[in-house]
Each structure stands twice: as C-alpha cells, then as structure tokens.
Amino acid sequence: MGASTAHGRDGAFSGHAVHVLQLYVERAFDFQKPTAAFERKGFRVERRTSPGRPDELSRWLSEAQQLWLISDAKPHLKDEHVEVIRDFWRRGGGLYVWGDNKPFY
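Presented here is a report on the structure given in the accompanying data block. (Residues numbered from 1 in each chain as written. Predicted model: local features only at pLDDT ≥ 70, side-chain atom pairs only at ≥ 80, totals over all residues. Heavy atoms only, no water.)

**Some details on the pairing of strand 3 (residues 66–70)**
Of all the 5 residues making up strand 3, 5 are buried; the element is thus mostly covered by neighbouring parts of the structure. Side chains of strand 3 alternate between two faces, with Gln66, Trp68 and Ile70 and Leu67 and Leu69 buried alike. Judged from the 5 bridges that link them, strand 1 (residues 17–22) and strand 3 form a sheet pairing that is parallel. By the bridge assignment for strand 3, Gln22 is matched with Ile70. With 5 bridges connecting them, strand 3 and strand 4 (residues 94–98) associate as parallel partners. Looking at the pairing, Leu69 lines up with Val97 of strand 4. Note on the crossover from strand 3 through helix 4 (residues 79–90) to strand 4: the handedness is right-handed. (Buried < 20%, exposed > 50% of the residue type's maximum accessible area, 1.4 Å probe, protein only. Helix = DSSP H or I, 4+ residues; strand = E, 2+ residues; numbered from the N terminus. Pairing = 2+ DSSP bridges. Right-handed = clockwise from strand over helix to strand, strands pointing away.)

**Examining helix 3 (residues 54–61)**
Looking at helix 3, one finds that the buried residues are Leu57, Trp60 and Leu61. Seen end-on, helix 3 carries its buried residues on one side only, within an arc spanning 95 degrees. Buried-residue contacts for helix 3 involve strand 1, strand 2 (44–48), strand 3 and helix 4. (Arc of directions from axis to C-beta. Contact = heavy atoms within 4.5 Å.)

**A short note on the sheet that holds strand 1**
Pairing in this open sheet of 4 strands is parallel, and the strands run 2-1-3-4 from one edge to the other. Two strands lie at the open edges of the sheet, namely strand 2 and strand 4, each paired on one side alone. When strand polarity is set aside, the average angle formed by the axes of neighbouring strands in this sheet is 15 degrees. Lying on the sheet, helix 3 is in contact with strand 1, strand 2 and strand 3; it crosses strand 2 at an angle near 170 degrees. (Axes fitted to C-alpha atoms, helices over the stretch in contact; angles between N-to-C directions.)

Remember that the coordinates give geometry; whether it matters functionally is a separate question.
In structure tokens form, the structure reads like this:
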C-alpha cells in the first residue's frame, strides 16, 4: 500500500477537528457534501456562519486543528477576530482560506 493511500483511508483522521467559518452563506451552499467527505475520513466538523465575539471565536478555535475560512463579499471580521485567527495559526493550526475573485476576499 502506498503512502498516499495509507494517509487518506476512511476513518484515518479520527479525533481531529476541522472548524469551518462559512461567512458566505446561501441556500445552495450548505456545506453538507464537504462535511460528509470530512466525516468519512474521520474528522469531526464544526461549522459556524458568524464569527461571534472574539473571545467566543478563540474558545471555539482552541479545540480545532484546522480552520477553513470561507470568505464573503462583505466584511464580517473585525481586527480582533483577525488577531484570534492569527494566534490560532501561530500556535500551529492549519488555516485554509476559501476566496474567489473580487469581491470575495
């Protein structure tokens, strides 16, 4: 069995959490299919559509190994939220930013 196969087996990531901060929200993009794919691999997925207060965001990220941030056309994050996310990344958390062309960044 090759190394790439061993790392991607279903259930291989049990005990790991992916947190998704989905700021772009529309009915057709409910994140159900990506959630199912993550869960098949063993990840626990927690999804929010609002950052909440900075202290709430910090608590939420304290249990995550990864943050997937899905941007929107309008700003949702204050400087304090950005600092919380930066601190998460500096502690070694994986940060993935889903952005698109203008105005989604």
